[in-house]
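What follows is each chain in one-letter form.
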Amino acid sequence: MSKARLLAVCLVLAGVAGFAWMSIYGLHNDPRELPSALLDKPFPEFSQPALGEPERLLTRNDFLGRPALVNVWATWCPTCRQEHAYFNKLAAQGVPIYGINYKDEEDKAQKWLLDLKDPYVMNVSDPRGSLGMNLGVYGAPETFIIDSEGVIRFKYVGAVDDRVWKEKMAPVYEGLLKP
Amino acid sequence: MRKILLPLLCSLWLSAPAMAAIDTYEFETQAEQDRYRKLIEELRCPKCQNQNIADSNAPISLDLREETFRMMTEEKMTDEQIVDFLVERYGDFVRYKPPVDKRTLVLWYGPFALLGFGFLMLVIIVVRRRKDSHGPDSKASLSGDEQQRLNELLNQPRESADK
């Protein structure tokens, strides 16, 4: 076999191997998981009423001071119900969680918090989803980790449970707690 | 038969306007409407992935269409500004036409590079074939080196000649 032919065969084999690797890699890559465009960017400015208290305006400043979770939720979202118990648990452990009630009805949302317990430090009412849009939210639930300065450090789309918290979120959150 | 067919046809006729009414935005000019149409067809729905926001019925697509309409008509933003606004929030993912940068270089130019490589291979193969097909008659066209190599090959023992 001539050198040139050997080289050609090697090239083709390398191509096939590369393609196979890409395909296998692709299988384990969830296409629904989008990289957040807001990672390492400041949490957007907002000025919207608190859930159930139309006169009390909340702003970005209310979220600052310590690392915290920001959870986008709604009563129409079944996955939010699924993860709610876990947020109760996290809140009991002392993790501050801010809620954004996304495109929801106020009375339903308030009833939900009464029925399922309220793990949130405070809840921003976002009935039209404008804050959601500024956050790049495309479906509830979505959970962000922000640092004490309000910079977004992590985003998770989907239900937060024990595994997600321990594997993905706790390392980021605990890293932020260290001075 | 007629008794069934007529109501059926009527119901078909009724369903057409119902579908067109999914959202009706009023534009001042046809050009504006075309621009809007083109924009929402080039923007990808972040939730439903393989649909653009024009085709998708996901709530987020509805919101994005509304926002696009609002940005176009109220804020008089250019197409570029609108796309940038959405990319800032949802990432490059929302564009069906990704920008040309370091990460997308292979995506944009890879196929052309492969095509060029294939063409180069083709040229090499054809040139070689042509050389081979000249056979013993074209002895005169062989260079000194080639003649020497040919002699070597011819003098080789049989069993290695076909390898």
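## Concerning the overall build of chain A
Step number 1: Looking only at helices and strands, chain A has five helices and seven strands in total.
Step number 2: If you list the helices and strands of chain A from N to C, you get α-β-β-β-α-β-α-β-α-β-β-α.
Step number 3: For chain A, the C-alpha radius of gyration of 22 Å lies well beyond 16 Å, the compact-globule estimate for 179 residues.
Step number 4: Counting only residues that meet the buried cut, chain A has 34% of its 179 residues in that class.
Step number 5: The long-range share in chain A, meaning contacts at least 24 apart out of those at least 6 apart in sequence, stands at 71%.

## Description of the overall build of chain B
Step number 1: Along chain B, the regular secondary structure elements total seven helices and zero strands.
Step number 2: Of the regular secondary structure in chain B, the N- to C-terminal order runs α-α-α-α-α-α-α.
Step number 3: In chain B, which comprises 163 residues, the proportion classed as buried is 12%.
Step number 4: Pairs at least 24 residues apart make up 35% of the contacts formed inside chain B by residues separated by at least 6 positions.

## Describing the pairing of strand 1 (residues 47-50) of chain A
Residue and element names in this part refer to chain A.
Step number 1: Bridging between strand 1 and strand 2 (residues 53-59) involves four bridges; their strand directions are antiparallel. Looking across to strand 2, one finds that Ser47 is bridged to Thr59.
Step number 2: Hairpin connection, strand 1 to strand 2: the antiparallel pair is bridged by two residues, and Gly52 has positive phi, about 80 degrees.

## Examining the confidence of the model for chain B
Low pLDDT means the predicted atomic positions in that stretch should not be read closely.
Residues and elements named next belong to chain B.
Step number 1: For chain B, per-residue confidence averages 80 on the pLDDT scale, and 77% of positions sit at 70 or higher.
Step number 2: The spread of mean pLDDT over the elements of chain B runs between helix 1 (residues 2-20), the lowest at 55, and helix 4 (residues 79-90), the highest at 91.
Step number 3: Across residues 16-21 the pLDDT falls below 50, and counting only partners more than four positions away or on other chains, this stretch makes zero contacts in the model.
Step number 4: The ipTM for the predicted assembly is 0.75, set against a pTM of 0.71.

## Comments concerning the domain arrangement of chain B
Accessible area lost when the parts come together is the quantity often used to give the size of an interface.
Step number 1: Split into domains, chain B comes out as domain 1 (23-99) and domain 2 (104-155).
Step number 2: Taking the mean C-alpha position of each, domain 1 of chain B and domain 2 of chain B sit 51 Å from one another.

## Brief notes about the environment of Lys166(A)
Residues and elements named next belong to chain A.
Step number 1: With respect to the helices, strands and loops of the structure, Lys166 is situated in helix 5 (residues 162-177).
Step number 2: A count of 10 C-beta atoms within 10 Å places Lys166 in the exposed class.
Step number 3: A sequence separation of 63 residues divides Lys166 from Lys103, and the C-alpha atoms of the two residues are 29 Å apart.

Calculation notes
Residues numbered from 1 in each chain as written. Chains lettered and ligands numbered in written order. Predicted model: local features only at pLDDT ≥ 70, side-chain atom pairs only at ≥ 80, totals over all residues. Helix = DSSP H or I, 4+ residues; strand = E, 2+ residues; numbered from the N terminus. Rg over C-alpha atoms; globule rule 2.2 N^0.38 Å. Buried ≥ 20, exposed ≤ 12 C-beta atoms within 10 Å, placed from the backbone. Contact = placed C-beta atoms within 7 Å. Pairing = 2+ DSSP bridges. pLDDT = per-residue confidence, 0-100. Domains from an automatic or database assignment.

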